[in-house]
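Next come the chains, spelled out residue by residue.
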Amino acid sequence: MSNLGFHFLFGELSGSGGLRVERAFRDTAPVTLESGSPLSGFKVIFFSISYEEDYINLVRMLFESGIETSRERRGGSPLIVAGGAAVSGNPFPLLDIADLFCIGEGEAPIGAIKDALAEMGPGEVEGLGDRLVGSKGIFVPGHGASFAERASADNFSKSAILTPSTVFPETLLAESGRGCPGRCTFCLARSLYHPFRPLPVAEFDRYIGRCASQVGRVGLVSTSVAAHPEFERLVDSLLEREISVSFSSLRAEDIDESKAAAISRAGTRSVSLAPESGSERVRFAIGKRVPDDTYMLAGDLLAAAGVRNFTLYFLAGALAEEERMVEETKGFLKRFKAVVRGSRISVHLNPLVPKPWTPMQYYAMPRANDLELSIEKIAAVCRELGMRIRRKSTRSALRQALLSTGDSRVGDAIVRMVTDGTSWKKALEMEKVDIDFPHETKGRGTRFAWEAIEGPVSRDTLIDIYERMGESGVVS
Ligand code: SF4
């Protein structure tokens, strides 16, 4: 319930009339939350998947509900529709499992599905996929597909339900912008949701004015909330109505005195920033063209505005001249520690995972041992400086890389693991998954599964950017 994509889906479908729509989660399956009905009794099941590792949960939910996981054997009963960021990047691991995929922003494909269901009449879903072949943003296995049209900023998502049972309890989530002005070469969100579109403030005011009496807290959701050109007005329009406000994600380059003051008025005490690398040289090379000084200024302004906890996100991987990078990271963290004047700093270390439709799809991910060593070098610096560390396990990062760059064989391995209890390693082996693929050197001749779909950005653009990174000597 912290995922706005899920709220959008639930709100759109249940608001369309004539459909009985209920929610189910990994921890409520095999039944729904609302009426406790078995999932297997529904005609259509929609999955909103933001993270690749939820492909495994999708298969678990089907299996535990007694629903056939193979699309072919299931025969459309029920019909499985998958969408969300991970699926938009690469739906192919689910190729033999789902019947329909929503690719790109959800507004257009969900609209097309709703219209088709309405035309087909009550209870009818047979042939839904055939009707939708060729609709933008819909991928029916065996047919071509292209990304959905970008949605208008006037219709950005808001919570469909307020609930205490979520990471943001009783908080109305509102999408304050989509896309990001940044150009980070590893970022799937940037590729999928480009260009940056801020929510019009007048539209937001109208909406909040209508529901202010029922809302005590609003969470502004965007990849870059403070990049909104009228960020301060958004914040103040809530505070003036005595609605408290929180932010999903802030970028250092958006923080100036005025925005730090608005963050202070909102009472924010914890902020996450993502320098990705403590080395300015590496950061620029991977597309995050933000100087060290910008982080120092943001840290200074935010600490002065009352922020007491900083979380810094760093990427780890085999970047060339690693020793130099580690030294530069140490210098960066020392400076940051000084400017935030005693605030607590936690560092999250995540291996860089190649994502579809990004220049980094060509990146050869290091193998587990090298990744471990790379993470450990930065972790040692953080420990020396008294900072708390959280690190993503390399095992999980490598699984994510296989899921994000794999094809239907990866999906078959998931099915085998879930239904037979086979280990992941063994299942990959039995389904002949090319486990070396994420680690291989790639180039202009490489073909990716997802290129069967007309993507949001051309492969020439992606490879040109990647090759320029190689020339900079930063990506090995
Ligand atoms: S700043 Fe964040 S959201 Fe924007 S492109 Fe970079 S990683 Fe993606």
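Draft legend 1. Inspection of the side chain of S222 at higher detail. Position of S222 among the secondary structure elements: in the loop between β8 (217–221) and α9 (231–239). Polar contacts involving the side chain of S222 include one to the main-chain amide nitrogen of S224, which spans 3.0 Å.

Draft legend 2. Structural context of the domain arrangement of the chain. Each assigned domain of the chain is listed here: domain 1 (4–139), domain 2 (152–267) and domain 3 (269–405 + 443–476). Measuring from the centre of the C-alpha atoms in domain 2 to the corresponding centre in domain 3 gives 25 Å. The interface of domain 2 with domain 3 comprises 18 residues on the first partner and 27 residues on the second. Taken together, both faces of the contact between domain 2 and domain 3 bury some 1800 Å²; the carbon and sulfur share is 71%. Contact with domain 3 buries area across many residues of domain 2, yet T185, F186 and A252 alone supply 36% of it, more than any other trio. Here domain 2 is connected to domain 3 by 0 salt bridges. The interface formed by domain 2 and domain 3 contains 5 residue pairs in polar contact (both at pLDDT 80 or more). In terms of residue count, helix α10 (residues 257–265) provides more of the side of domain 2 that touches domain 3 than any other element does, 4 residues in total. Classifying every residue of the side of domain 2 that touches domain 3 by side-chain character gives 9 nonpolar, 4 polar and 5 charged.

Draft legend 3. Structural context of empty space enclosed by the protein. Overall, the coordinates contain 1 cavity of 30 Å³ or more when judged by the stated rule. A volume near 50 Å³ is recorded for the largest cavity. Along its surface, the largest cavity is lined by M1, H7, S159, I161, L162, T163, T166, F168, E170, T171 and L173. Per-class residue counts for the lining of the largest cavity are 5 nonpolar, 5 polar and 1 charged.

The rules behind each value
Residues numbered from 1 in each chain as written. Predicted model: local features only at pLDDT ≥ 70, side-chain atom pairs only at ≥ 80, totals over all residues. Heavy atoms only, no water. Helix = DSSP H or I, 4+ residues; strand = E, 2+ residues; numbered from the N terminus. Polar contact = N/O pair within 3.5 Å; in protein donor to acceptor, adjacent residues only side chain to side chain. Domains from an automatic or database assignment. Contact = heavy atoms within 4.5 Å. Buried area = accessible area lost by both parts, 1.4 Å probe. Salt bridge = Lys/Arg side-chain N within 4 Å of Asp/Glu carboxyl O. Nonpolar A, V, L, I, M, F, W, Y, C, P; charged D, E, K, R; others polar. 1 Å grid on protein atoms, 1.4 Å probe; cavity = no way out; pocket = protein on both sides within 12 Å on 5 of 7 lines; lining within 4 Å. Points joined across faces, edges and corners; volume = space filled by probe spheres on them.

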